[in-house]
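Listed below, chain by chain, are the residues.
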Amino acid sequence: MDARTLVGGLEEDRVDNSDAVTASIERLLPERLQRLRRLTALPVAFGGVTRDTTAGRSLVLTRLAGTTGAGLQGLTVAPHLGLGGRVLDSATPQRVEHYASTVHITHDFDHIVVDQEKLTAVAAVPIVVRGRVQGVLYGAVRGDHPLGDRIMRLAEIVADQLAQDIEDSLQPTDAPPPDPMPAALDALTEIIAETDDLILRDRLQAIHQLIAGTPKSIGHHIGLAPREIDALRLVALGSTNAEVAARLGLSQETVKAYLRTAMRKLGAHNRTAAVHTARLAGLL
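Just so we're clear, the structure is a prediction, and the values are computed from it rather than from any experiment.

**Considerations on the sheet that holds strand E2 (residues 56–65)**
- On the basis of which strands lie adjacent, the open sheet formed by six strands has the order E3-E2-E1-E6-E5-E4 and antiparallel pairing. Every other strand in the sheet has two partners, leaving strand E3 (76–77) and strand E4 (94–96) as the edge strands with one partner each.
- Sheet topology note: the E4/strand E5 (residues 122–129) ladder contains three bridges and is antiparallel. In the sheet register, Val-96 faces E5, and the bridge partner there is Val-122.
- Docked against the sheet, helix H4 (residues 148–170) engages E4, E5 and strand E6 (132–140), running at close to 25 degrees with respect to E5.

**What about the pairing of strand E1 (residues 44–53)?**
- With seven of ten residues buried, E1 lies mostly within the body of the structure.
- By the bridge criterion, nine bridges tie E1 to E2 in an arrangement that is antiparallel. Note on E2: the bridge partner recorded for Val-49 is Val-60.
- Where E1 folds back on E2, the antiparallel hairpin that results is connected by two residues.

**Focus: the side chain of Glu-243**
- Tracing the backbone through its elements, the reader meets Glu-243 in helix H8 (residues 241–248).
- Engagement of the side chain of Glu-243 in a polar contact is seen with the side chain of Arg-35, the distance being 2.9 Å.
- Apart from the residues within four sequence positions on either side, Glu-243 is in contact with Arg-35, Ile-157, Gln-161 and Gly-238.

**Considerations on unusual backbone geometry**
- Even without glycine at this site, His-80 takes up a positive phi of about 80 degrees.
- Note that His-80 resides in the loop between E3 and helix H2 (82–90).
- Among the residues examined, His-80 registers a relative accessible area of 58% and is labelled exposed.
- If you check the backbone angles, Arg-130 has positive phi at about 55 degrees while not being a glycine.
- By the secondary structure assignment, Arg-130 is in the loop between E5 and E6.

**Description of the environment of Ala-184**
- Positionally, Ala-184 belongs in helix H5 (residues 181–194).
- Separated by 27 residues in sequence, Ala-184 and Ile-211 place their C-alpha atoms 9.9 Å apart.

**Here's the deal with the pairing of E2**
- The buried count for E2 comes to seven of ten residues, which makes it a mostly enclosed element.
- Bridge count between E2 and E3: two bridges; the pairing is antiparallel. Across the sheet, the residue bridging to Val-60 is Thr-76, located in E3.

**Quick notes on helix H9 (residues 252–266)**
- End to end, H9 covers 21 Å across 15 residues, agreeing with the expected 21 Å (1.5 Å per residue, within 8%).
- Along H9, the positions that sit buried rather than exposed are Val-255, Leu-259, Ala-262, Met-263 and Leu-266. Mapping the buried residues of H9 onto a view down its axis gives an arc of 100 degrees, with all of them on the same face. In H9, the exposed positions that point more than 90 degrees away from the buried face belong to Glu-253 and Arg-264.
- Summarising the contacts, the buried residues of H9 are in contact with helix H7 (226–236), H8 and helix H10 (271–280).
- Backbone geometry just after H9 places Gly-267 at a positive phi near 70 degrees.

**Notes on the confidence of the model for the protein chain**
- Scored by pLDDT, the protein chain comes out at a mean of 84, with 85% of its residues at no less than 70.
- The spread of mean pLDDT over the elements of the protein chain runs between H5, the lowest at 71, and helix H3 (residues 110–116), the highest at 97.
- This model gives residues 1–16 a pLDDT under 50, and the stretch forms two contacts once residues within four places in sequence are excluded.
- Here residues 214–220 scores under 50 on pLDDT; set against residues more than four positions off or in separate chains, the count is 14 contacts.

Parameters and conventions
Here the residue index of a chain counts from 1 through its sequence in written order. The predicted origin of the model limits local features to residues at a pLDDT of at least 70 and limits the giving and counting of side-chain atom pairs to 80 or more, whereas totals for whole chains, interfaces and linings rest on all residues. Side-chain numbers come from the whole structure's heavy atoms, not from hydrogens or water. We treat two strands as partners when DSSP finds at least two bridges between them. Numbering goes from the N terminus for both helices and strands, where a helix is a DSSP run of H or I of at least four residues and a strand is a run of E of at least two. Pairs of residues are marked as contacts when any of their non-hydrogen atoms sit within 4.5 Å. For helices, the axis comes from a line fit to the C-alpha atoms of the stretch in contact; other axes are also lines fit to C-alpha atoms, and the angle between any two N-to-C directions lies between 0 and 180 degrees. Exposure categories follow from relative accessible area, calculated using a 1.4 Å probe and restricted to protein chains: below 20% of the type maximum is buried, above 50% is exposed, and the middle band is partly exposed. Under this definition, polar contacts are N or O atom pairs within 3.5 Å; protein pairs additionally need one hydrogen-donor-capable and one acceptor-capable atom, and for neighbouring residues in sequence, both atoms have to be side-chain atoms. One less than the residue count of a helix, multiplied by 1.5 Å, gives the span that helix is expected to have. Note: the arc covers the axis-to-C-beta directions of the helix. Every residue gets a pLDDT, meaning the predictor's confidence in that residue, from 0 to 100.

Quick look at the structure:
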């Protein structure tokens, strides 16, 4: 194999990976924008993916949530331009508290951002996959409402988790097919919770015990603290420890301590089992 063949193969792999990353971001963006709005209470969120253009690696906005018009849809943000251009240049989170008057960005997009959407404070965080900015998430407000450090941290958590999910999806794996048992136990737990027939409920709980090894009678005598229940409830929604910490305003170590205590009280060996048991006990 000569050098040209090797270089060509590496370039082809890089393009294929980039295409896969772009497709993954596009697929996940709608849900992650809603997650960003839910965690931060920001009224507006939007984002997009980076693509090669004549101006260099530019950002193309593809997903909008909470906007009043479609002016941002399909907008191409080249390096150096606007807030997104600063993110592309630096690969770091950026924010402006007064978009229209700041001197730290160019104002090529004021006719959309300010005039059409009436946005004031805007934050933008990069989605960095394998050392390269592959997309950008934005959060914004209208009116005199500064974003603050907490919102920036939450936005970074959402972007970092998205990047990590994509990184994981790109890793080759020989893992066996996913175990269908957790989903089946979840479904059984929901059926138990919706069953009014006490005799049938007891029989279903016994089946659950045989499958999952959970206690046959677990009711409300389990003394979970309110914060332990809050943490488990967020875990049940798919939140990571970092997201639980951000949502509850706690450190990650405190969240881990709450989850360890809850698992001990519930007799569970991991977070998933703790959620199953707590649901069965009617605590979630």
